[in-house]
Amino acid sequence: ALQLTLAVVKPDAVAHPLILEALHQKILENFIIIRKKELMWRTKDSEKFYSEHAGRFFYQRLVEFMSSGPMRAYVLAREDAVTHWRGMMGPTKVFRALFTSPDTIRGQYGLTDTRNTTHGSDSIESARREISFFFPEFNADEWMVME
Ligand code: CMP
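Residues numbered from 1 in each chain as written. Predicted model: local features only at pLDDT ≥ 70, side-chain atom pairs only at ≥ 80, totals over all residues. Heavy atoms only, no water.

A.B. asks: Any chance you could break down the overall build of the protein chain for me, citing the residues and the numbers?
C.D. replies: Regarding its fold elements, the protein chain presents eight helices and four strands. The globule rule puts the C-alpha radius of gyration for 147 residues at 15 Å, and the 15 Å found for the protein chain is close to it. Dimensions along the principal axes, computed over C-alpha positions, put the protein chain at roughly 40 × 35 × 25 Å. Put simply, the protein chain has 147 residues, and 47% of those count as buried. Pairs at least 24 residues apart make up 74% of the contacts formed inside the protein chain by residues separated by at least 6 positions. For the protein chain, the exposed area adds up to about 8,200 Å²; of that, 53% sits on carbon and sulfur atoms. The positive charge centre, built from 19 side chains, and the negative charge centre, built from 19, are 5 Å apart in the protein chain. (Helix = DSSP H or I, 4+ residues; strand = E, 2+ residues; numbered from the N terminus. Rg over C-alpha atoms; globule rule 2.2 N^0.38 Å. Buried < 20%, exposed > 50% of the residue type's maximum accessible area, 1.4 Å probe, protein only. Contact = heavy atoms within 4.5 Å. Areas by Shrake-Rupley, 256 points an atom, 1.4 Å probe, with all protein chains shown as cover. Lys, Arg positive; Asp, Glu negative; His and termini not counted. Charge placed at Lys NZ, Arg CZ, Asp CG, Glu CD.)

Below, the structure is given as structure tokens:
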């Protein structure tokens, strides 16, 4: 079915204009872009978004990294958007991405398990929650294609 997902280009990738542009092209080829914006988090935004990981060994570095520079967020639509974008991203762990999925986004551009280029919602329910976190004014029940 037609779905929405949230895709985020993380600070490591936004810092490199050529990577940012390559990711934007990949997104254009695969999805209809419903919303797009640049933003930067404060530490407290990062802590709130990743609160489910509080206490994990990587939480502090994740929180610091995600508020270390500008990001770009997209609301994307297509058939099975959630799994399609997760497939394009590849595995979270950079070692696995490099050796099992070198054609994925993280396989190509991931630096570490934390600096892993992109984020994507892992279910329809998290897509809803995460879209409203990034785009509070967005109405998931009444969206239209703008372009
Ligand atoms: P993301 O898809 O944004 O969701 C949670 C994030 O936590 C993940 O991408 C990584 O950036 C980070 N993360 C998950 N597992 C690890 C790990 N083992 N070591 C470091 N960072 C991790």
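A.B. asks: Residue-level account of unusual backbone geometry, with values.
C.D. replies: Backbone geometry at Asp80 places phi at a positive 50°, although glycine is not the residue there. As for its placement among the helices and strands, Asp80 is situated in the loop between strand 3 (71-79) and helix 5 (81-89). On the basis of relative accessible area, Asp80 is assigned to the partly exposed category, the value being 37%. Its identity is not glycine, yet Thr117 carries a phi of approximately 75°, on the positive side. Take Thr117: it is sitting in the loop between helix 7 (105-109) and strand 4 (118-120).

A.B. asks: Kindly report on a nonpolar patch on the surface, identifying the contributing residues and their values.
C.D. replies: Taken together, Phe95, Leu98 and Phe99 make up a surface patch of nonpolar side chains, about 380 Å² in accessible area. Tracing the sequence through the fold places Leu98 in helix 6 (residues 94-100). Look at Leu98 and you get partly exposed, because its relative accessible area is 44%. (Patch = residues over 30% accessible without salt bridge, like charges linked within 9 Å, V, L, I, M, F, W, Y side chains within 5 Å. Salt bridge = Lys/Arg side-chain N within 4 Å of Asp/Glu carboxyl O.)

A.B. asks: Summarise the sheet that holds strand 3; cite the residues concerned and give the values.
C.D. replies: If you trace the four strands from one edge of the open sheet to the other, you get 2-3-1-4, paired in antiparallel fashion. Each edge of the open sheet is held by one strand with a lone partner, namely strand 2 (32-39) and strand 4. In this sheet, neighbouring strand axes are inclined to one another by 20° on average, regardless of whether the strands run parallel or antiparallel. Sheet topology places strand 1 (residues 2-9) next to strand 3; eight bridges connect them, and they run antiparallel. (Pairing = 2+ DSSP bridges. Axes fitted to C-alpha atoms, helices over the stretch in contact; angles between N-to-C directions.)

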